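So the chains spell out like this:
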Amino acid sequence: MSMTRSRAAIAAAAVSLSGIVMQNETSAQDAAPQTAQITIRLDQPARPISPDLFGIFFEDLNHAADGGLYAELIQNRSFDFQPNSRPTWNALTGWELLTRGSGKGNWAIDSALPIHRDNPTYVVLHVNDAGDGVGLRNEGFDGIAVKAGESYDVSFFARQLYMNQRWGAGSSIEGKPMPMIVRLESKEGAVLAEASLQVEGREWKKITCELKPTQSDANARFVVLATARGGVAMDEISLFPRATFRNRPNGLRADLAQALADLKPKFIRFPGGCLAHGNGLGNMYRWKDTIGPTETRKSQPNLWGYHQTMGLGYFEYFQFCEDIGAKPLPVVPAGVSCQNSGHTAGVGQQCLPMEEMPAYIQEVLDLIEWANGPATSTWGAKRAAAGHPEPFGLQYLGVGNEDHITPGFKERFKMIFDAVRAKHPEITVIGTVGPSPAGRDWEEGWKFANELNLPMVDEHYYESPEWYLKNLGRYDKYDRSKSKVYLGEYASRGNTLHNALAEAAYLTSLERNGDVVHLASYAPLLCKLGHVQWHPDLIYFTNTQVMPSVNYYVQQMFGVHAGQFYLPTDIATSENSEKSLLAVSSVRDKTSGDIILKLVNVAGNPVNAKVSMAGAKKVRPDAVVSVLSGDPLHVNHGDPRARDNVSPTAMIPRDSAMQVGADFDYTVPAHSFSVIRMRMGD
Ligand code: AHR
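Residues numbered from 1 in each chain as written. Predicted model: local features only at pLDDT ≥ 70, side-chain atom pairs only at ≥ 80, totals over all residues. Heavy atoms only, no water.

A tally of helices and strands in the protein chain yields ten helices and 37 strands. On C-alpha atoms alone, the protein chain measures out to a radius of gyration of 28 Å, which is about the 26 Å that the 2.2 N^0.38 rule sets for 682 residues. The buried share of the protein chain, taken over its 682 residues, is 61%. In the protein chain, the share of contacts with a sequence separation of at least 24, taken over all contacts with a separation of at least 6, comes to 76%. For the protein chain, the computed accessible surface area is about 25,200 Å², with 51% contributed by carbon and sulfur atoms. When the 65 positive and 74 negative side-chain charges of the protein chain are each reduced to one mean point, those points stand 1 Å apart. (Helix = DSSP H or I, 4+ residues; strand = E, 2+ residues; numbered from the N terminus. Rg over C-alpha atoms; globule rule 2.2 N^0.38 Å. Buried < 20%, exposed > 50% of the residue type's maximum accessible area, 1.4 Å probe, protein only. Contact = heavy atoms within 4.5 Å. Areas by Shrake-Rupley, 256 points an atom, 1.4 Å probe, with all protein chains shown as cover. Lys, Arg positive; Asp, Glu negative; His and termini not counted. Charge placed at Lys NZ, Arg CZ, Asp CG, Glu CD.)

Moving on, we get to unusual backbone geometry. Gly273 follows Gly272 through a cis peptide bond whose omega is 15 degrees. Structurally, the position occupied by Gly273 is in the loop between strand S17 (267-270) and helix H2 (274-277). Positive phi outside glycine occurs at Arg246, with the angle close to 55 degrees. Assignment of secondary structure puts Arg246 in the loop between strand S16 (230-241) and helix H1 (254-261).

Before going further, it helps to spend a moment on the site of the ligand. Near the ligand you find Phe57, Glu59, Leu61, Gly273, Cys274, Trp304, Asn401, Glu402, Tyr462, Glu489, Pro524 and Trp534, and these make up its full shell. Between the ligand and Asn401 there is a distance of 3.0 Å, counted from an oxygen atom to a side-chain nitrogen or oxygen. Between Tyr462 and the ligand, the recorded distance is 2.7 Å, taken from a side-chain N or O atom to an oxygen atom. Here the ligand has 280 Å² of accessible area as a free molecule, and 95% of this is covered by the chains. The residue inventory of the shell around the ligand, partitioned by class, reads seven nonpolar, two polar and three charged. (Near = heavy atom within 4 Å. Polar contact = N/O pair within 3.5 Å; in protein donor to acceptor, adjacent residues only side chain to side chain. Nonpolar A, V, L, I, M, F, W, Y, C, P; charged D, E, K, R; others polar.)

Here the focus is the side chain of Arg137. Inspection of the secondary structure puts Arg137 in strand S9 (residues 134-138). Setting aside chain neighbours within four positions, we find Arg137 in contact with Gly94, Trp95, Glu96, Leu98, Ser186, Lys187, Arg221, Phe222 and Val223.

What follows is about the layout of surface pockets. Approximately 860 Å³ is the volume attributed to the largest pocket. Lining the largest pocket are 37 residues; nearest its centre among them are Pro249, Asn250, Gly251, Thr294 and Glu316. Secondary-structure elements contributing two or more residues to the lining of the largest pocket are strand S11 (152-163), strand S14 (205-211), S16, helix H3 (314-323) and helix H5 (378-385). With five residues, the top contributor of residues to the lining of the largest pocket is H3. The class makeup of the residues in the lining of the largest pocket is 14 nonpolar, eleven polar and twelve charged. Here the second largest pocket defines a volume of roughly 470 Å³. (1 Å grid on protein atoms, 1.4 Å probe; cavity = no way out; pocket = protein on both sides within 12 Å on 5 of 7 lines; lining within 4 Å. Points joined across faces, edges and corners; volume = space filled by probe spheres on them.)

Bringing the sheet that holds strand S33 (residues 607-614) into the picture now. If you trace the four strands from one edge of the open sheet to the other, you get S30-S3-S33-S36, paired in mixed fashion. With partners counted over all chains shown, the strands left at the sheet margins are strand S30 (569-573) and strand S36 (663-668), one partner each. Across the sheet, the mean angle from the axis of one strand to that of its neighbour is 20 degrees, orientation sign disregarded. Here S33 runs beside S36; their pairing, made up of six bridges, is antiparallel. Residue pairing for S36: Val607 is matched across the bridge by Val668. (Pairing = 2+ DSSP bridges. Axes fitted to C-alpha atoms, helices over the stretch in contact; angles between N-to-C directions.)

What follows deals with helix H7 (residues 440-452). With 13 residues, H7 extends 18 Å between its outermost C-alpha atoms, agreeing within 8% with the 18 Å of an ideal straight helix rising 1.5 Å per residue. Of all the residues in H7, the buried ones are Asp441, Gly445, Trp446, Phe448, Ala449 and Leu452. When H7 is viewed along its axis, its buried side chains cluster within an angular range of 165 degrees and face the same direction. Looking one or two places after H7, you find Asn453, whose phi comes out positive at around 55 degrees. (Expected span 1.5 Å × (residues − 1). Arc of directions from axis to C-beta.)

Let us now look at the environment of Ser299. Of note, Ser299 is situated in the loop between H2 and strand S18 (300-302). On the basis of relative accessibility, which here comes to 19%, the residue Ser299 falls in the buried class. Residues Ser299 and Phe81 lie 218 residues apart in sequence; the distance between their C-alpha atoms is 9.1 Å. Other than its neighbours up to four places away in sequence, Ser299 contacts Asp80, His307, Gln308, Thr309 and Met310. Polar side-chain contacts of Ser299 include one of 3.3 Å to the side chain of His307.

With that settled, consider the packing of helix H6 (residues 407-423) against H7. Running from N to C, H6 and H7 point in directions that differ by 35 degrees, and their axes come no closer than 12 Å. In this structure, H6 crosses over H7, and the sense of that crossing is right-handed. Residues Phe409, Lys410, Phe413, Lys414, Phe417 and Arg421 of H6 lie in contact with H7, whose contacting residues are Glu444, Phe448 and Leu452. Residue composition of the contact of H6 with H7, grouped by class: five nonpolar, no polar and four charged. (Left-handed = near helix turned anticlockwise from the far one by under 90°.)

The subject of this paragraph is the packing of aromatic side chains. Counted according to the given criterion, the structure contains 39 aromatic pairs. When the ring of Phe270 is compared with that of Tyr314, the centres are 5.2 Å apart and the planes differ by 80 degrees; the resulting orientation is edge-to-face. Of this pair, Phe270 sits in strand S17 while Tyr314 sits in helix H3, placing them 44 residues apart in sequence. The burial state of Phe270 is the same as that of Tyr314; both residues are buried. Positioned over the ring face of Trp204 is Arg159, at 5.0 Å from the centre of the ring. Just above the ring of Trp379 sits the side chain of Lys382; from NZ or CZ to the centre is 5.0 Å. (Phe/Tyr/Trp six-rings, centres within 6.5 Å; stacked < 30°, edge-to-face > 60°. Lys NZ or Arg CZ within 6 Å of the ring centre and 35° of its normal.)

Another point: the packing of helix H4 (residues 357-372) against H6. Running from N to C, H4 and H6 cross one another at 40 degrees; their axes reach a closest spacing of 10 Å. The orientation of H4 relative to H6 falls into the category oblique. Considering only the axes of H4 and H6, their crossing is right-handed. Facing Met357, Tyr360, Ile361, Val364, Leu365 and Ile368 of H4, the residues of H6 in contact are Arg412, Met415, Ile416, Ala419, Val420 and Lys423. Per-class residue counts for the contact of H4 with H6 are ten nonpolar, no polar and two charged. (Parallel < 35°, antiparallel > 145°, perpendicular 65-115°, else oblique.)

On to the side chain of Ser509, then. Take Ser509: it is sitting in helix H9 (residues 497-512). Residue Ser509 is classed as buried on the basis of its relative accessible area, which comes to 1%. For Ser509, the side chain forms a polar contact with the main-chain oxygen of Tyr506, separated by 2.6 Å.

Applying the stated rule across the entire model yields 34 salt bridges. Note that Arg100 is salt-bridged to Glu185, the shortest N-O span being 2.8 Å. Pair noted here: Arg100 is in the loop between strand S6 (95-99) and strand S7 (104-110) and Glu185 is in strand S12 (residues 178-185), with a separation of 85 residues, a long-range link. Relative accessible area serves as the criterion here: at 0%, Glu185 is assigned to the buried category. Linking Arg480 and Asp515 is a salt bridge whose minimum nitrogen-to-oxygen distance equals 3.0 Å. Taken together, the residues Arg480 in the loop between helix H8 (465-470) and strand S24 (484-491) and Asp515 in the loop between H9 and strand S25 (517-520) connect sequence positions 35 residues apart. Classification of Arg480 by relative accessible area gives partly exposed; the value is 28%. (Salt bridge = Lys/Arg side-chain N within 4 Å of Asp/Glu carboxyl O.)

Structure below.
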């Protein structure tokens, strides 16, 4: 996909719809202001907007979780990478054998006596000559970024195999622990932090210590060395910054999590995307494999071509939702795998055998009990044991992800839906209507949703900015008596300001239709530079930087300035205007009583707008306007394929004070999104 779009490509078609006036894009030479009259109809009934309209979609894609949001700094901590994730990978990927000074030794992967059956492989280290230490070095995910003076928690499981020699006399461990050193080192080997410890006994034991580097280093390494002759087994070697988001153990990278929190999302959908239904039946995301102590979780290949540790599992997702005041929206497979399974381009859907469906349905019901049941229930007790005795308050449950609507899918979906509805009528089940805004799966999906009377369905579409601008009236035409809509994945195929403005214009149409579109989330969310599998994304990052796209700021402006009531809004542009492309929505925030006017001008001419608040009792004069504007081709990040391609100039919204009243003037800048927040009363 191309990073930039030509100026010619951003010319827009002329369309006229209720609440929107769109005409042709102007040339740079002809940027005279246009005019518009905008009337906010406070004298007419307001329409309720779903309280959960704007949320986020999380999928471990582009290294969003491992190497990204999940704060673990060691790559392949459980020695379970396999070629089925990536052909060049094996159980020792990310690690190297270290022999320091005159040290001599070797290593191997073993599975004879694992910590847990779901974590079958571990590393064995044999030290023949200790020298200055024999051990392992981990490169992290593109290096390990550490900060001077901060605490890093090391933990690993280890057991002694023998001391001195491997076989025969002298191979006992009695009374002789294995002395070990753990370090943070620079790439060149300078010691940044060090701790000494020892491994003792033939049983697996968890060993922990703290490292506090004396210097910051964006590209450090983790080192563990044995310093006597003998053998040890090690597994689940972990290094975590103590300063995770909200200081949660096994938690999230603070700066990335904060960027998500700053969107003020009302919900978080997880774990995908295609990752949820998986690459074949054996690769479906099974939530039970992702809870409990991390060393007992069942990792598996990520359908996007790497490895999922499941360290960021269901408990961590739910906890994060709670921490930022967002509702959890887990998506479980509908008993079928992704239709692209096995690189089949749409014909690889596999269905769970019917005899496995009762157990699978029980797994879905158990998720609801795990999330919402009392701590005394079987699954609620597991949640409580993880440190959360109170229920999480699950309300939404997605079943299926843009599946091919086949007889096999329908049969299994209905079985799951019927069981959930019977046992948990309080849960809003969200169905799925394919990967496109129209076409066979969309039509069949909606027909099926109508047959089942589903509460909500999940629409997905990745289209051009022009498609969004031409379809601003899509939901005006939806039947209000049918299923509500979750626009679960959408994006306009680019990260320019122009893309972001097309999305902003579309979001005004979602606010206008907030009675039928109940939830919406841009996708995908995160992308680590150098690891792009899907572009565009909302936030780009490296190990040390977070680079929100321009599209991010649009999402944030809608999230921060959400309303619960849509106010009918009339808009008219000057009759001779051929050069404006304006989308507008007005909402009221229930808590503050504020009225929020959003204006999106996709065109190259400013618009002199006269705003009237028909029926307003008292408008306070002091308002705040936030404006995102500039070069329509601006992008906030460099080429995502290059690890270090960080753009120095981010386009962000600017806030300023402005005077308003029942009638006021506002010049909507060319290529801009403005949010005017007005206070009512004395
Ligand atoms: O968002 C990226 C992918 O797009 C999702 O995994 C899938 O649901 C969709 O096709």
